[in-house]
2 protein chains.
Amino acid sequence: MNEITILSPATVANFVCGYDVLGFALNEPYDEMTLRLRDDSEIKIINKSDYDLPLEPEKNVASVAVMSLVERFGKKVGFDIEITKNIKPGSGIGSSSASAAGAVVAANILLGDIFDKKTLVDFAMDGENIASGSRHADNVGPCIYGGVTLVRSINPLDIVSLSSPELFVTIVHPQIEIKTSDARKILQPRVFLKDAIKQWGNVAGLVAGLLQNDYELISRSLEDFLIEPKRSILIPAFDEVKQKSIETGSLGGGISGSGPSIFMLSKDEKTARNVEKTMSEIYTRIGLDFHTYVSTINKYGIKNDE
Amino acid sequence: MNEITILSPATVANFVCGYDVLGFALNEPYDEMTLRLRDDSEIKIINKSDYDLPLEPEKNVASVAVMSLVERFGKKVGFDIEITKNIKPGSGIGSSSASAAGAVVAANILLGDIFDKKTLVDFAMDGENIASGSRHADNVGPCIYGGVTLVRSINPLDIVSLSSPELFVTIVHPQIEIKTSDARKILQPRVFLKDAIKQWGNVAGLVAGLLQNDYELISRSLEDFLIEPKRSILIPAFDEVKQKSIETGSLGGGISGSGPSIFMLSKDEKTARNVEKTMSEIYTRIGLDFHTYVSTINKYGIKNDE
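Described in the following lines is the structure provided in the data block. (Residues numbered from 1 in each chain as written. Chains lettered and ligands numbered in written order. Predicted model: local features only at pLDDT ≥ 70, side-chain atom pairs only at ≥ 80, totals over all residues. Heavy atoms only, no water.)

1. A few points about helix α9 (residues 238-247) of chain A
One turn of the α-helix equals 3.6 residues, which is why residues spaced by three or four share an orientation. Residues and elements named next belong to chain A. Listed in full, the buried residues belonging to α9 are Phe 238, Val 241, Lys 242 and Ser 245. All buried residues of α9 lie within an arc of 95° about the axis, which places them on one face of the element. Projecting away from the buried face of α9 at angles above 90 degrees are the exposed residues Asp 239 and Glu 247. Close packing links the buried residues of α9 with β7 (168-174), α8 (228-231), β9 (252-255), β10 (262-266) and α10 (269-286). At the C-terminal side of α9, Gly 249 shows a positive phi close to 120°. (Buried < 20%, exposed > 50% of the residue type's maximum accessible area, 1.4 Å probe, protein only. Helix = DSSP H or I, 4+ residues; strand = E, 2+ residues; numbered from the N terminus. Arc of directions from axis to C-beta. Contact = heavy atoms within 4.5 Å.)

2. A look at the relation of the copies chain B and chain A
The transformation that overlays chain B on chain A combines an axial shift of 0.0 Å with a rotation of 180°, and the residual RMSD is 0.0 Å. Seen this way, the second copy is the image of the first under a two-fold rotation axis. In this assembly, 100% of the residues forming the interface of chain B have copies in chain A that are likewise at the interface, indicating an isologous arrangement. (Least-squares fit on C-alpha atoms with pLDDT ≥ 70 in both.)

3. Focus: the packing of helix α1 (residues 61-73) of chain A against helix α3 (residues 117-132) of chain A
All names here are of chain A. Viewed as axis vectors pointing N to C, α1 and α3 meet at an angle of 140°, and their least axial separation amounts to 7 Å. One way to sum up the angle between α1 and α3 is to call them oblique. Taken as a pair, α1 and α3 cross one another with a handedness that is right-handed. Only Thr 119, Leu 120, Asp 122, Phe 123, Ala 124, Asp 126, Gly 127, Ile 130 and Ala 131 of α3 make contact with α1, whose side of the interface consists of Val 61, Val 64, Ala 65, Ser 68, Leu 69 and Arg 72. (Axes fitted to C-alpha atoms, helices over the stretch in contact; angles between N-to-C directions. Parallel < 35°, antiparallel > 145°, perpendicular 65-115°, else oblique. Left-handed = near helix turned anticlockwise from the far one by under 90°.)

4. Examining the sheet that holds strand β7 (residues 168-174) of chain B
Residue and element names in this part refer to chain B. With respect to topology, four strands assemble into an open sheet ordered β9-β10-β7-β11, the strand pairing being antiparallel. Where the open sheet ends on each side, the last strands, each with one partner, are β9 (252-255) and β11 (290-296). Ignoring which end each strand starts from, the neighbouring axes of this sheet average 15° apart. Relative to strand β10 (residues 262-266), helix α9 (residues 238-247) is tilted by about 10°, and along the sheet it contacts β7, β9 and β10. Packing against the sheet, helix α10 (residues 269-286) makes contact with β7, β10 and β11, and its axis sits at approximately 15° to β7. (Pairing = 2+ DSSP bridges.)

5. Regarding the packing of aromatic side chains
Under the criterion given, the structure shown has ten aromatic pairs over all chains. Geometrically, the ring pair formed by Phe24(B) and Phe263(B) is edge-to-face, given 5.6 Å between the ring centres and 70° between the ring planes. Here Phe263(B) lies in strand β10 and Phe24(B) lies in strand β2 (residues 22-38), a separation of 239 residues in the sequence. A single burial state applies to Phe24(B) and to Phe263(B), both of which are buried. When the centroid spacing of 5.0 Å and the interplanar angle of 85° are considered together, the rings of Phe115(B) and Phe123(B) count as edge-to-face. An aromatic cluster of three or more residues is present, and its members are Phe15(A), Phe24(A) and Phe263(A). Over the face of the ring belonging to Tyr145(A) we find Lys117(A), whose NZ or CZ atom lies 5.7 Å from the ring centre. Directly above the aromatic system of Phe225(A) lies the positively charged group of Lys198(A), at a separation of 4.6 Å from the ring centroid. (Phe/Tyr/Trp six-rings, centres within 6.5 Å; stacked < 30°, edge-to-face > 60°. Lys NZ or Arg CZ within 6 Å of the ring centre and 35° of its normal.)

6. Focus: helix α2 (residues 95-110) of chain A
All names here are of chain A. The end-to-end C-alpha separation of α2 is 23 Å, in line with the 22 Å expected for 16 residues at 1.5 Å each. Counting buried positions along α2 yields 14 of 16 residues, so the element is predominantly enclosed. Among the residues trailing α2, Gly 112 stands out with phi positive, at a value near 100°. (Expected span 1.5 Å × (residues − 1).)

7. Focus: the interface of chain B and chain A
Listed per partner, the contact involves 37 residues of chain B and 37 residues of chain A. With both chains or domains summed, chain B and chain A bury close to 3000 Å², and 70% of this area falls on carbon and sulfur atoms. We note a salt bridge from Glu223(B) to Arg152(A), for which the minimum N-O separation is 3.5 Å. Of all elements in the fold, only β5 (148-154), β6 (157-162), β8 (190-192), α6 (193-211) and α7 (215-221) of chain B reach the threshold of two or more residues within the side of chain B that touches chain A. Element by element, the count of residues in the side of chain B that touches chain A is highest for α6(B), at 13 residues. Across the side of chain B that touches chain A, the residue classes tally to 22 nonpolar, nine polar and six charged. Relative to β8(B), strand β8 (residues 190-192) of chain A is paired through three bridges, and the arrangement is antiparallel. From the neighbouring strand, Phe192(A) faces β8(B), where its bridge partner is Arg190(B). (Buried area = accessible area lost by both parts, 1.4 Å probe. Salt bridge = Lys/Arg side-chain N within 4 Å of Asp/Glu carboxyl O. Nonpolar A, V, L, I, M, F, W, Y, C, P; charged D, E, K, R; others polar.)

8. Quick notes on the pattern of salt bridges
All names here are of chain A. The full count for this structure, using the stated rule, is 42 salt bridges over all chains. For Arg 72, the salt bridge is made with Asp 122, and the minimal N-O distance between the two is 3.4 Å. On the criterion of sequence distance, the pair formed by Arg 72 in helix α1 and Asp 122 in helix α3 is long-range, its members being 50 residues apart. Taking relative accessible area as the criterion, Arg 72 reaches 49% and is therefore assigned partly exposed. When its relative accessible area of 25% is taken as the criterion, Asp 122 is described as partly exposed. By sharing partners, the salt bridges in this structure join Glu 3, Arg 36, Arg 38, Asp 40, Lys 48, Asp 80 and Glu 82 into a single network.

In structure tokens:
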């Protein structure tokens, strides 16, 4: 096999109380990527998207991740990386992670499936590092593993797949730009221990709710006392979107990644569609451009396009 | 029925990373309590233990908890509360909780089983308040529910039972006194967010490990970056006990409650007994009096003595 096309999904990191450790993969939207083995050892980016993407291999998350893989592979090998990006960069639903994770998963298949998932996450994190300045795994983890994943530890890397009941995700992406540096600066380095305790009580409740298929417990545990109150002020109408979505029947939700997208979970598709309508009404009224998605949780991560 | 005897177990709160939210019940040691309905509305403590216990109803955790229950019951009713205490007060394995929880569970049975477990925890917390100055549920929760319990939230009270694989618990109680006020003072009100994130990564891993019967994940998640490094300095030889217990085969462990007892978990009884030997050797060498227990996790909480 010299060529492969894969579909690399959007992901939600910072799963409410599970800031920096819990995330999940979506079935929509997703990027399409085609990788071809080359005769030389070049790595070449071919952008087939409407979005501008860096074409220098040292600056593109996909090629940087693949270069990490090639270095570990140890033999000279080159790839064309053709990217059809559907996940808008900067939307907060793992656009750069989809590129980095998709590229290493596809390259690994072309090389004969020699690296395990955890090692692929490790390579993809080098791509993430170019995009965000930190080696984080809470998007590339679920992108590669699928489903809900826990990044228990970064060093050493420890990723745990968590089962979950059927959940429908409604996402709204208000078309504003939040700089990751601003989203970071707004967080204080210290928090009150009593608030941190509430947070890990909710993390424990969320994990138990997911594993025990307990929607009520999931819903009660979807509280974030530490990050959301700070960051949500960067997202216009965040409180109203969340509040009205819950009144519409959503189990709860919060900021996707570092925003500006907001995600809300529902038990069934009908509720998720009603939540979409609620969100749309709010941003239409405000006069802010937005995009919405309704998706189930993607249990398999990156897929071959067959 | 006018009289009942129950067995109320010791409990481990502050389950390593799950500080203030996760705890579990033990099969040994346990207190024995006999409650008798009286003809008047007095509540009378009868101490059959070797330990001094407060006899004034307003000062004893058992009677204070029962008075809460009687107040909610709304009718005039009185009890003799006979306590044979085997769990040494101040040992850090839930001595006061066993009294408070045991008393309300027994009183509830004599009144015809009218309150649910959560409401009984609420009454028992009023007893705890007398003993420790705060309404906490991480000992009375597992004492009444049995097994491993999560206190997701105190207000509103939200208690979740978590299943767990078979675990053997070795406890060593070095006979020193730690004042709860000292154990509290040593904790700073603020912690680094980056450390809190590691902590809730481990909380998520511990809950997932318990529910998925994954001993390796449980073991990896038994890390506490926030509380143990501060409090363990109050317990002589803590680091050596923990380190050598792990070398002996234990999955991990930490401070029980606010100490001075240390608990270590093992997959089988043989390892738990070897851990007991390791602990005993250390405190014998140091010349500090100590007591050890080896127990499984008590899945049922307080039991009728039948």
